[in-house]
Number of protein chains: 2
Amino acid sequence: MVGKRLAGRRQGVTLSEVARRAAVSEITVSRILRNTGPIAEATRLRVLQAVRETGYVPNRLAGGLASSGSKLVGVIVPSLTNIVFPEVLGGIRAALVGTGFQAVIGVSDYDLAIEEELIASLLAWRPEAMVLAGFEHTPAARAMLDNSAVRVAELMDIDSAPIDLAVGHSHWQAGHDSGRYLVGRGYRRFGYVGHDWMADRRAKLRHDGLVAALAEASLALVESVRNVGPSSTQAGRDALAALLARGSTPDVVVFSNDDMALGGVFHCLGAGIRPKDDLALFGFNGLDIGQALPMPLSTMRSNRFLTGKTAIDRVLAQRERPGKTEIIDTGYQILPGATA
Amino acid sequence: MVGKRLAGRRQGVTLSEVARRAAVSEITVSRILRNTGPIAEATRLRVLQAVRETGYVPNRLAGGLASSGSKLVGVIVPSLTNIVFPEVLGGIRAALVGTGFQAVIGVSDYDLAIEEELIASLLAWRPEAMVLAGFEHTPAARAMLDNSAVRVAELMDIDSAPIDLAVGHSHWQAGHDSGRYLVGRGYRRFGYVGHDWMADRRAKLRHDGLVAALAEASLALVESVRNVGPSSTQAGRDALAALLARGSTPDVVVFSNDDMALGGVFHCLGAGIRPKDDLALFGFNGLDIGQALPMPLSTMRSNRFLTGKTAIDRVLAQRERPGKTEIIDTGYQILPGATA
DNA sequence: CTGTTAGCGCGTTCAG
DNA sequence: CTGAACGCGCTAACAG
């Protein structure tokens, strides 16, 4: 049975109603509901019964206000359609389970102005930590973050100095390693297919690392195409077609990520180009779908779940912002695959 | 410049600090920040200046408590890794822009018990509406929803009676239409490859609609494989291989969704089976990636963005729960593609 | 083991 | 156009 609520009264059941019904004081109900302080088993049962009968739902606005602690973690990701971010959120959720904390998620669409608005609006909920992607924020956003004493985790990237905590891996290094790996496998004529660098600075870092590795082997990109929009399979497909149409003959094409690379594979399959035999293809991210292809994509796996989980674990372990910043490398691995 | 905050004081800047600085009362600051009531332009500018100088961030816990209105919408989706839900969230965000409302997102992992917990915990934030996926909820969850006077939108599905508002399309009908369409194209020997029905009831509805359409044409599935886990490309690939290994020779295989169907296409490409010529393949959802294949996937597009957007528009337009329930059909379209 | 007192920071009255 | 008083629902800090 689930109590009343009846009629016009807008308000729900409050603590005092539960307390009255159980013939105890409000604070006792509050303690029982929060498993705090010593409580007689008999009282607890009586109160829990009253809670059930009334259908009481605590008001966390009031609770948070009274205790100056919201048990909220603000999270801002650039996108949800790029599957890597839902995977990071998976790690965040995993770390939050059983802590009583709840994530409030914002999506910035890779737009720093939107990120700034979201930071303001999430900070208004007095979260106990904020999780962001990358190091680029507007000055106003930085000021708000500094001004609020909350812990700040910047994810994905560790190539710059963090505000507080950075968790991710070096994208420049990953690009560099991919270049060394491919050179080591005998490739010499490198093509590059990328997407918008303005929005996705990490893609540019990987590109720069790749180019640096090539230079160390006295090589350079023979051809490069960059799409203006965000990464997508269709964009990768179109861009590879455009690159090949230019007439140069790369023996390998490195893509800005797996989404783009998948499109590259599809172009090859449609055009009768045999991946690896005729043209090698290399991605980044190590998405499951790339590994389910007839020829698994050669790529690098980043550890998105671990990145999200580590950030939360760390930030909840130490709630005050420490004096010095910390950087945690969650690494990456080459997936040899069958396309390079 | 961004004010102090200095030293040990845990608390941030409050309204009264801003008020003191601007030499007005708190309520005046409050009004200015909420664009409410008549305000002298001079005062407004002075106050805004003080807000900037102090780096004041409103406390929504306090604001919500005082006004009994949180400007929050609770959203619970079964998954974020299934791309259809991020797309629904995209529609929700689009509808929320400029309204001052903010979505709080929970992920249930297709688990009704987790959904129940999330409902309890989101309701504690006193949202002004709740958005859920599907019609299946635990009795306790239903009770909490009924008990809170908030509006409730149930998305994706319109095959049952909603609590308040349902937005989506009929999955049974979609399955039925796909069957009629494929029969109309001359297919007779139908195979089915699906994933876990316990978790994804809508997949089962589509299956049942398909089977019904076949029965109307005096046909039946010649072979059916269902994976126990969630849908994935790899699962689709494995399941199609398993189905074909059984020796029956379908001329078309219908998959529970595009993820699975993509795996089917990959299996065919790897095994030298020509999609459509040797074996037709049909999916559901109309994901972009399926349309970027060398041979675009034949499938049905559901309108996820519209579903999310419509639900929020509707629910914000009328904030009290209306006397009677409403059902909005956002439809679907057949994408002919090239695999069936 | 339980209760009392006093706010948390803001918005809703109602007066000026 | 601006302000004073009050309370939203809950919890911290003491008592007892």
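Residues numbered from 1 in each chain as written. Chains lettered and ligands numbered in written order. Predicted model: local features only at pLDDT ≥ 70, side-chain atom pairs only at ≥ 80, totals over all residues. Heavy atoms only, no water.

Colleague: For this particular structure, what's the right way to read helix α11 (residues 258-271) of chain B?
Modeller: In an α-helix, one turn spans 3.6 residues, which is why side chains three or four residues apart end up on the same side. All names here are of chain B. Along its 14 residues, α11 runs 19 Å from first to last C-alpha, staying within 8% of the 20 Å computed at 1.5 Å per residue. Counted residue by residue, α11 has eleven buried out of 14 residues, so it is predominantly covered. Burial in α11 covers these residues: D258, D259, M260, A261, L262, G263, G264, V265, F266, H267 and C268. Structurally, the start of α11 carries an N-cap: the backbone nitrogen of D259 is 3.0 Å from a side-chain oxygen of N257. (Helix = DSSP H or I, 4+ residues; strand = E, 2+ residues; numbered from the N terminus. Expected span 1.5 Å × (residues − 1). Buried < 20%, exposed > 50% of the residue type's maximum accessible area, 1.4 Å probe, protein only. Polar contact = N/O pair within 3.5 Å; in protein donor to acceptor, adjacent residues only side chain to side chain.)

Colleague: Any chance you could explain the environment of V24(A) here in plain terms?
Modeller: Note on placement: V24(A) falls in the loop between α1 (15-22) and α2 (26-34). Sequence separation between V24(A) and R46(A) is 22 residues, and the spatial gap between their C-alpha atoms is 9.5 Å.

Colleague: Would you take a moment to explain the pattern of salt bridges for this structure?
Modeller: Opposite charge on two side chains permits them to pair, given that their charged atoms come into close proximity. Within the structure shown, the criterion is met by 29 salt bridges over all chains. Between D277(A) and R274(A) there is a salt bridge, and its shortest N-O distance comes to 4.0 Å. On the accessibility criterion, D277(A) (57% relative accessible area) is exposed. Residue R304(B) pairs with E87(B) through a salt bridge whose shortest N-O separation is 2.6 Å. Separated by 217 residues along the polypeptide, R304(B) in helix α13 (residues 304-317) and E87(B) in helix α5 (residues 84-96) bring together distant segments of the chain. Given a relative accessible area of 7%, R304(B) falls into the buried group. A single salt-bridge network, built from bridges that share partners, covers R142(A), D146(A) and R321(A). (Salt bridge = Lys/Arg side-chain N within 4 Å of Asp/Glu carboxyl O.)

Colleague: Explain the interface of chain B and chain A to me, please; I cannot follow it from the model alone.
Modeller: By a frequent convention, interface size equals the accessible area lost on bringing the separate parts together. Listed per partner, the contact involves 57 residues of chain B and 57 residues of chain A. Remark: the boundary between chain B and chain A carries two salt bridges. One salt bridge in this structure joins D109(A) and R93(B), with 3.6 Å as the shortest N-O distance. Mapped by element, the contributors of at least two residues to the side of chain B that touches chain A are α4 (60-67), α5, β2 (102-107), α6 (112-123), α7 (139-147), α10 (233-245), α11 and α12 (288-291) of chain B. Of the residues contributing to the side of chain B that touches chain A, the split by class is 30 nonpolar, 17 polar and ten charged. (Contact = heavy atoms within 4.5 Å. Nonpolar A, V, L, I, M, F, W, Y, C, P; charged D, E, K, R; others polar.)

Colleague: Is there a simple way to explain the relation of the copies chain B and chain A in this structure?
Modeller: Each of the two copies of the chain can be brought onto the other by a rotation about an axis and a shift along it. For the match of chain B to chain A, the screw axis carries a shift of 0.0 Å, the RMSD comes to 0.1 Å, and the turn is 180 degrees. In short, the pair behaves as if placed about a two-fold rotation axis. In terms of C-alpha distance to the rotation axis, chain B has L61(B) as its closest residue, with the C-alpha 2.4 Å off the axis. (Least-squares fit on C-alpha atoms with pLDDT ≥ 70 in both.)

Colleague: Before we go on, may I ask you to explain the pairing of strand β6 (residues 190-194) of chain A in this structure?
Modeller: Moving residue by residue along a regular strand, the side chains alternate between the two faces of the sheet. Residue and element names in this part refer to chain A. Most of β6 sits out of view: five of its five residues are buried. Neither face of β6 is open: one carries F190, Y192 and G194, the other G191 and V193, and all of them are buried. In this structure, β6 lies alongside strand β7 (residues 221-226), joined through five bridges in parallel fashion. Paired with G191 across the two strands is E223, which belongs to β7. After leaving β6, the chain enters helix α9 (residues 201-216) and then returns to the sheet as β7, a path that is right-handed. Direction of pairing for β6 relative to strand β8 (residues 252-255): parallel, over a ladder of four bridges. (Pairing = 2+ DSSP bridges. Right-handed = clockwise from strand over helix to strand, strands pointing away.)

Colleague: Got a minute to help me understand helix α3 (residues 41-54) of chain A in this structure?
Modeller: Under the 1.5 Å per step criterion, the end-to-end length of α3(A) is 20 Å for 14 residues, consistent within 8% with the ideal 20 Å. For α3(A), the set of buried residues is T43(A), R44(A), V47(A), A50(A), V51(A) and T54(A). One face of α3(A) carries all of its buried residues, which in axial projection span an arc of 130 degrees. Exposed positions of α3(A) whose direction lies more than 90 degrees from the buried face are A42(A) and R52(A). Those residues of α3(A) that are buried lie in contact with α1 and α2 of chain A together with α7 of chain B. Just downstream of α3(A) lies G55(A), where phi reads positive at about 70 degrees. (Arc of directions from axis to C-beta.)

Colleague: Would you mind showing me how to read the side chain of S231(B) here?
Modeller: All names here are of chain B. Mapping S231 onto the fold places it in the loop between β7 (221-226) and α10. Here N257 takes part through its side chain, which lies 3.1 Å from a polar atom of the side chain of S231. Contacts of S231, omitting those with residues within four sequence positions, involve H195, N257, D259 and M260.

Colleague: What is the right way to read the state of the cysteines from this model?
Modeller: By definition, a disulfide links the sulfur atoms of two cysteines through a covalent bond. On inspection of all chains with the given rule, the structure shows zero disulfides over all chains. C268(B) supplies the cysteine sulfur nearest to C268(A), a cysteine that is in no disulfide, at a spacing of 20 Å. (Disulfide = S-S within 2.5 Å.)

Colleague: Quick question: what am I supposed to make of the sheet that holds β6(A) here?
Modeller: Whether parallel or antiparallel, the strands of a sheet pair through hydrogen bonds between backbone atoms. All names here are of chain A. Taken in spatial order, the four strands make up an open sheet running β7-β6-β8-β9, and their pairing is parallel. Across the chains shown, the open sheet's two edge strands, defined by having one partner strand only, are β7 and β9 (280-282). Pairwise comparison of adjacent strand axes, ignoring direction, gives a mean angle of 20 degrees for this sheet. Both β8 and β9 contribute to a ladder of three bridges, which runs parallel. (Axes fitted to C-alpha atoms, helices over the stretch in contact; angles between N-to-C directions.)

Colleague: I'm lost on the packing of α1(A) against α3(A) in this one. Help?
Modeller: Residue and element names in this part refer to chain A. Two elements in contact, α1 and α3, have axes whose closest approach is 9 Å; the angle formed by their N-to-C orientations is 125 degrees. Judged by the angle between their axes, α1 and α3 are oblique. Our pair here, α1 against α3, has a crossing hand that is right-handed. Only R46, V47, A50, V51, E53 and T54 of α3 make contact with α1, whose side of the interface consists of E17, V18, R21 and A22. Looking at side-chain class alone, the contact of α1 with α3 contains five nonpolar, one polar and four charged residues. (Parallel < 35°, antiparallel > 145°, perpendicular 65-115°, else oblique. Left-handed = near helix turned anticlockwise from the far one by under 90°.)

Colleague: I would appreciate a short explanation of the packing of aromatic side chains in the present structure.
Modeller: Any aromatic ring pair is given by two values, namely how distant the centres are and how the planes are angled relative to each other. Inspection of the entire model under this criterion finds eight aromatic pairs over all chains. When the ring of W125(A) is compared with that of W125(B), the centres are 6.4 Å apart and the planes differ by 80 degrees; the resulting orientation is edge-to-face. Taken together, the residues W125(A) in the loop between α6 (112-123) and β3 (129-133) and W125(B) in the loop between α6 and β3 (129-133) connect one chain to another. On the basis of relative accessibility, which here comes to 3%, the residue W125(B) falls in the buried class. Centre to centre, the rings of Y192(B) and W197(B) are 6.3 Å apart; their planes meet at 50 degrees, and the pair counts as tilted. Residue Y192(B) shares its accessibility class with W197(B), and that shared class is buried. Residue placement shows K204(A) over the ring face of W197(A); its charged tip is 5.1 Å from the ring centre. The residue whose ring lies beneath R226(B) is W197(B), and the NZ or CZ to ring-centre distance is 3.6 Å. (Phe/Tyr/Trp six-rings, centres within 6.5 Å; stacked < 30°, edge-to-face > 60°. Lys NZ or Arg CZ within 6 Å of the ring centre and 35° of its normal.)

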